[in-house]
Amino acid sequence: MRFTKSSTLAVCVVAICLLTGWTDFTDGVKSFGIPVYGGGGGGIPVSTTGEYFFVDSGSSGRRDAADRGGSPDRPFATLDFAIGRCVDDRGDVILLAPGHAETITAAGGVTVDVSGVSIIGIGEGDLRPTFTFTTAAAASWVVSESDILITNLRFVNGVDNQNHMIDLSGNDVTITYCDFTDSSTTSGLGFITADTADWDSDNLHVYRCFMIGYLDAAANMDSAVRIEKDNRNVRLEENVVYGDFDNAPLWVSAGGADSINAMFYGNKVTNLQTNKAAISVSGATATGSAFDNRLSTDTKASAFDTAALACAGNLWIDSDGTDDVEGVPVNNLESATGLGTYPTAADPAAGVSVAASIAQIAEATNKGTGTAIASNKSLVDAMGTDDLLLAMA
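Description of the structure in this document. What you see is a predicted model; the values in this text were computed from it and never measured.

Topic: the sheet that holds strand β18 (residues 225-227)
Judged by pairing direction, the sheet is parallel, and its eight strands sit side by side in the order β6-β9-β12-β15-β18-β21-β24-β27 without closing on themselves. Strands at the two margins of the open sheet, each flanked by one partner only, are β6 (110-112) and β27 (304-305). Across three bridges, the pairing between β18 and strand β21 (residues 250-252) is parallel. Residue pairing across strands places V225 opposite L250, the latter belonging to β21.

Description of the pattern of salt bridges
Under the counting rule described, the total for this entry stands at ten salt bridges. When the shortest N-O distance is used, the salt bridge between D67 and R68 registers 3.6 Å. For D67, a relative accessible area of 43% puts it in the partly exposed group. Ionic contacts of the salt-bridge type, sharing partners, join the residues R63, D67, R68 and R74 into one network.

Some remarks on the pairing of strand β29 (residues 315-318)
Burial of β29 is one-sided: the residues W316 and D318 facing one way are buried, the residues L315 and I317 facing the other way are not. The sheet contact formed by strand β26 (residues 294-297) and β29 spans four bridges and is parallel. When the bridges of β29 are listed, T297 appears paired with D318. In the sheet, β29 pairs with strand β30 (residues 328-329) via two bridges, with the strands oriented antiparallel. Directly across from L315, in β30, lies its bridge partner P329.

A few points about the nonpolar core
I94, W141, F155 and F180 are the most contacted members of the largest nonpolar core, which totals 62 residues. It is helix α2 (residues 79-84) that provides the largest number of residues to this core, a total of three residues. Setting aside residues no more than four positions away along its own chain, W141 makes contact with L79, V110, V112, I119, F131, F133, I150, L153, F155, M165, I166 and D167. With six residues, the next largest nonpolar core counts Y52, F54, L95 and I120 among its residues.

Here's the deal with the packing of aromatic side chains
Under the defined criterion, the tally for this structure stands at ten aromatic pairs. Aromatic pair F76 and F81: ring centres 5.1 Å apart, planes at 65°, arrangement edge-to-face. Residue F76 is classed as buried on the basis of its relative accessible area of 0%. With centroids separated by 6.4 Å and ring planes inclined at 20°, the aromatic side chains of F133 and F155 adopt a geometry described as stacked. Placement of the pair is F133 in strand β8 (residues 130-133) and F155 in strand β11 (residues 154-157), with a sequence separation of 22 residues. Taking the relative accessible area as the measure of exposure, F133 reaches 0% and is therefore buried. Residue class for F155 comes out buried when judged on its relative accessible area of 0%. The structure contains a cluster of three or more aromatic residues connected by ring pairs, namely F131, F133, W141, F155, F180 and F191.

Some words on the pairing of strand β25 (residues 288-291)
Taken residue by residue, a regular strand's side chains alternate between the two faces of the sheet. Note: strand β22 (residues 262-265) against β25, four bridges, orientation parallel. Its bridge partner lying in β25, Y265 is registered against F291. Where β25 lies against strand β28 (residues 310-312), three bridges are found, and the strand directions are parallel. Counted as the bridge partner of A290 is C311 from β28.

A short note on the state of the cysteines
The final tally for this structure, using the stated rule, is zero disulfides. Cysteine C178 shares no disulfide, and the gap to the nearest cysteine sulfur, in C209, comes to 5.0 Å. On the basis of relative accessible area, C178 is assigned to the buried category, the value being 0%.

So, unusual backbone geometry
The phi dihedral of T135 falls on the positive side, at around 75°, and the residue is not glycine. By the element assignment, T135 lies in the loop between β8 and β9 (141-143). Residue classification places T135 among the exposed positions, given a relative accessible area of 65%. Phi at N275 is positive, roughly 55°, even though this residue is not glycine. The topology assignment puts N275 in the loop between β23 (268-271) and β24 (279-281).

Observations concerning the side chain of D92
Structurally, D92 is set in the loop between α2 and β4 (93-96). Given the relative accessible area of 0%, D92 is considered buried. Of note is the side chain of D92, whose polar atom sits 2.7 Å from the side chain of R90. Setting aside anything within four residues of it in sequence, one finds D92 in contact with T48, G50, E51, F53, C86, V87, G116, V117 and S118.

Observations regarding the sheet that holds strand β7 (residues 118-121)
Sheet architecture is open: ten strands sit in the order β3-β4-β7-β10-β13-β16-β19-β22-β25-β28, paired in parallel fashion. One side of each edge strand has no neighbouring strand; the edge strands of this open sheet are β3 (52-55) and β28. Strand-to-strand twist of the sheet, defined as the mean angle between neighbouring strand axes without regard to direction, takes the value 10°. Pairing of β7 with strand β10 (residues 148-151), which is carried by three bridges, proceeds in the parallel orientation. Looking at the pairing, I119 lines up with I150 of β10.

Rules and cut-offs
Here the residue numbers are simple positions, counted from 1 along each chain's written sequence. Confidence filtering applies because this is a predicted model: local features only for residues at pLDDT of at least 70, side-chain atom pairs given and counted only at 80 or more, and all residues used for totals across whole chains, interfaces and linings. As a rule here, side-chain values come from all non-hydrogen atoms in the structure, and water together with hydrogens is ignored. Strand pairing is assigned whenever DSSP identifies at least 2 bridges connecting the two strands. Secondary structure elements are taken from DSSP: a helix is a run of H or I of four residues or more, a strand is a run of E of two residues or more, and numbering for both begins at the N terminus. Between Lys or Arg on one side and Asp or Glu on the other, a salt bridge is scored when a side-chain nitrogen of the former is within 4 Å of a carboxyl oxygen of the latter. Accessibility here uses a 1.4 Å probe with only protein chains present; expressed as a share of the type maximum, an area under 20% marks a residue as buried, one over 50% as exposed, and anything in between as partly exposed. Here, nonpolar core refers to any group of buried Ala, Val, Leu, Ile, Met, Phe, Trp, Tyr and Cys residues whose side-chain atoms link them within 4.5 Å. The contact definition used throughout considers only heavy atoms, calling two residues in contact when any of these lie within 4.5 Å. Geometry of aromatic contacts follows a simple scheme: Phe, Tyr and Trp rings, the Trp one being its six-membered ring, pair when their centres are within 6.5 Å, and the pair is stacked under 30 degrees between planes, edge-to-face over 60, tilted otherwise. To count as a disulfide, a pair of cysteine sulfur atoms needs to be within 2.5 Å. What qualifies as a polar contact is a pair of N or O atoms within 3.5 Å, subject to a donor-acceptor requirement within protein and to the restriction that residues adjacent in sequence count only when both atoms come from side chains. Axis definition: a line fit to C-alpha positions, over the contact stretch in the case of helices; interaxial angles, taken between N-to-C directions, run 0 to 180 degrees.

If you want it as structure tokens, here you go:
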């Protein structure tokens, strides 16, 4: 779900009125001098102190010129031109019309180099504004400024070995409610990367995005989101990721091994590649937390590489889907409390299972002067039914 029903209806009604002219307010609606275009939900601002710009590749009135972009019937033709009309930190909003489409053929085909800009797609499903990458492996968006919102867009790969769709080097970037997909015949290396310099993508928030990697193990991707430099407060939250990945779909590489407070919350991640992780944080010094993730791989032991992250509520399920069973904790349970390790009353050692602890209790019950329970012999066998019932009374 990308918007609540009420917020989707509000956005669509306003968009239809603006795009078709079905309103008596030909100069728009303002509150205390601030333009109001509707919204709510999905990160869409209700109003702004900056300017609104319209982009629509399907409009007959489209043109990348200074006299366009101020209304839906005279929009800009491309997003990059609209970004060039924005002003740093004014709070400008760019609205992309339903059905808007662009083909990106080179690095920085869209370059977000103005800070404080919101880029908002209008529409549902395939009508959402779509950016298709072709021709060169370097074809990409470049986001080099801070305080950016990107929401409700589709990104589609159309070239083999594409480096990335979005190349980040700006702080406080939010990417939300977007779809990232490989095509049925091409495979890229990744969708979103932060790999330019340490601390230049702090506070990145990737939220409720849908990411589908190429499904052929012979032509799989590297990862969906790659953090390859040290950064603070990167938050990957409630994303759905599925595909064949050489590395973990959500990956903090060795270059980001000193990242601070990395957060993985509520993601659902499937990696079909044999013996590969779903989430991986390289090294042992990166800090942060991982809560309530659902991970699906072929091997539980390699599904989650968490470095020094605090973990709780993370579950694993076999990716073959044939067992009809529920997920189990992907990590060992906390060992600081619980069953003691025989023969002392100390806290159990890390990795001691409940089954092993029960076996130790059974052994202690029968040990006496030093004889352990024989193989395939139960506690009832050792004590006898009457003696066991008496001991339990």
